[in-house]
Amino acid sequence: GKELIRSALEILVPVLKKRLNSDDYKRSIDLTNKIIYEEGNSVPQLAHIWHVIVRHPDIFYSHCNRFARHMINSVHRLGLLPNCPQENRALTLEIVELVLHWEERQERDSVEKSENIEKGKRNVSEETDISSPSKKLKNNKGQPALVDSVSGSTSDGKNNEYFLLDQSMIDTLANFIV
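Here goes a summary of the coordinates provided. Keep in mind it's a predicted model, so treat the numbers as computed, not measured.

About the criteria used
- Numbering of residues starts from 1 in each chain and follows the order in which that chain's sequence is written.
- Restriction of local features to residues with pLDDT of at least 70 applies here, the model being predicted, together with a cutoff of 80 or more for giving and counting side-chain atom pairs; totals for whole chains, interfaces and linings are based on all residues.
- Values shown for side chains rest on all heavy atoms present in the structure; no hydrogens or waters enter the calculation.
- Axis lines are fitted through C-alpha atoms, for helices just across the contact stretch, and the angle between N-to-C directions can take any value from 0 to 180 degrees.
- Each helix corresponds to a stretch of at least 4 residues labelled H or I by DSSP, and each strand to a stretch of at least 2 residues labelled E; elements are numbered beginning at the N terminus.
- For this classification, under 35 degrees means roughly parallel, over 145 means roughly antiparallel, 65 to 115 means roughly perpendicular, and everything else is oblique.
- Helix crossings fall into two classes, left-handed where the near helix is turned counterclockwise from the far one by less than a right angle and right-handed where it is turned clockwise.
- Two residues qualify as a contact provided that any one of their heavy atoms is within 4.5 Å of a heavy atom in the partner residue.
- For this classification, Asp, Glu, Lys and Arg are treated as charged, while Ala, Val, Leu, Ile, Met, Phe, Trp, Tyr, Cys and Pro are nonpolar and the rest, including Gly, are polar.
- Working definition: with a 1.4 Å probe on protein chains only, accessible area under 20% of the residue-type maximum means buried, over 50% means exposed, and in between means partly exposed.
- The arc in question is the one spanned by the directions pointing from the helix axis to the C-beta atoms.
- Buried Ala, Val, Leu, Ile, Met, Phe, Trp, Tyr and Cys residues form a nonpolar core when they are joined through side-chain atoms within 4.5 Å.

## Examining the packing of helix 6 (residues 64-79) against helix 8 (residues 167-177)
Their axes nearest at 10 Å, the elements helix 6 and helix 8 cross at an angle of 25°. Judged by the angle between their axes, helix 6 and helix 8 are roughly parallel. For the element pair helix 6 and helix 8, the recorded crossing hand is left-handed. In this structure, helix 6 contributes Arg69, Ile72, Val75, His76 and Gly79 to the contact, and helix 8 contributes Met169, Thr172, Leu173 and Phe176. Classifying every residue of the contact of helix 6 with helix 8 by side-chain character gives 5 nonpolar, 3 polar and 1 charged.

## Notes on helix 8
Those residues of helix 8 that sit buried are Met169, Leu173 and Phe176. Here the buried residues of helix 8 occupy an arc of 60° about the axis, which is enough to place them on one side. Seen from the buried face of helix 8, the exposed residues on the opposite side, beyond 90 degrees, are Gln167 and Asn175.

## Focus: the nonpolar core
Counting 31 residues, the largest nonpolar core has Trp50, Ile53, Phe60, Phe67, Met71, Ile95 and Trp102 as the members making the most contacts within it. When contributions to this core are tallied by element, the ones reaching two or more residues are helix 3 (22-38), helix 4 (43-55), helix 5 (57-60), helix 6, helix 7 (86-127) and helix 8. Of the residues forming this core, the biggest block, 7 residues, is contributed by helix 4. In this structure, Phe60 is in contact with Val13, Ile29, Val52, Ile53, Phe67 and Trp102, ignoring residues within four places of it in sequence.

## Thoughts on the packing of helix 3 against helix 4
Here helix 3 crosses helix 4 at 150°, and the two axes come no closer than 9 Å. Between helix 3 and helix 4 the crossing geometry is left-handed. Note on element contacts: helix 4 touches helix 3 through Leu46, Ile49 and Trp50, opposite Thr32, Ile35 and Ile36. Class assignment for the residues of the contact of helix 3 with helix 4 results in 5 nonpolar, 1 polar and no charged.

Rendered as structure tokens:
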């Protein structure tokens, strides 16, 4: 049964973004998160979900801030129990690697985003009046959008949440690896 579920998920998950509209895709992410929350005590359920996420990290990357904390908290239940299967221990190491990779990628994206915002501010300041208190950028609809210089978010409500590991998470991952 487990192998049949995994093979079905291997076929379905990679095409989620292509086959679902944005609302249905967001709903599928919400439902995945809900299952993690509700069925988090069931190690086999968690193992299935984490296996899917580890096998398809790019699909879930844009929502990694919703999954990473749960992943870190489940590391001990999956891989440190004395009677846990070898497969779960290997999965747990893949989870640790994925969380660290996601954090590294988020930091890289954050640096690139701040550089692009700075370039955009310089271009806008050249085009706008120097006495103007706010600098305007155009959003993807061609309408002006104000840029918050601290957070990098725009007035049209688009703000990417970045997930960065805090010290307790780093300690949890380090304790597992050691």
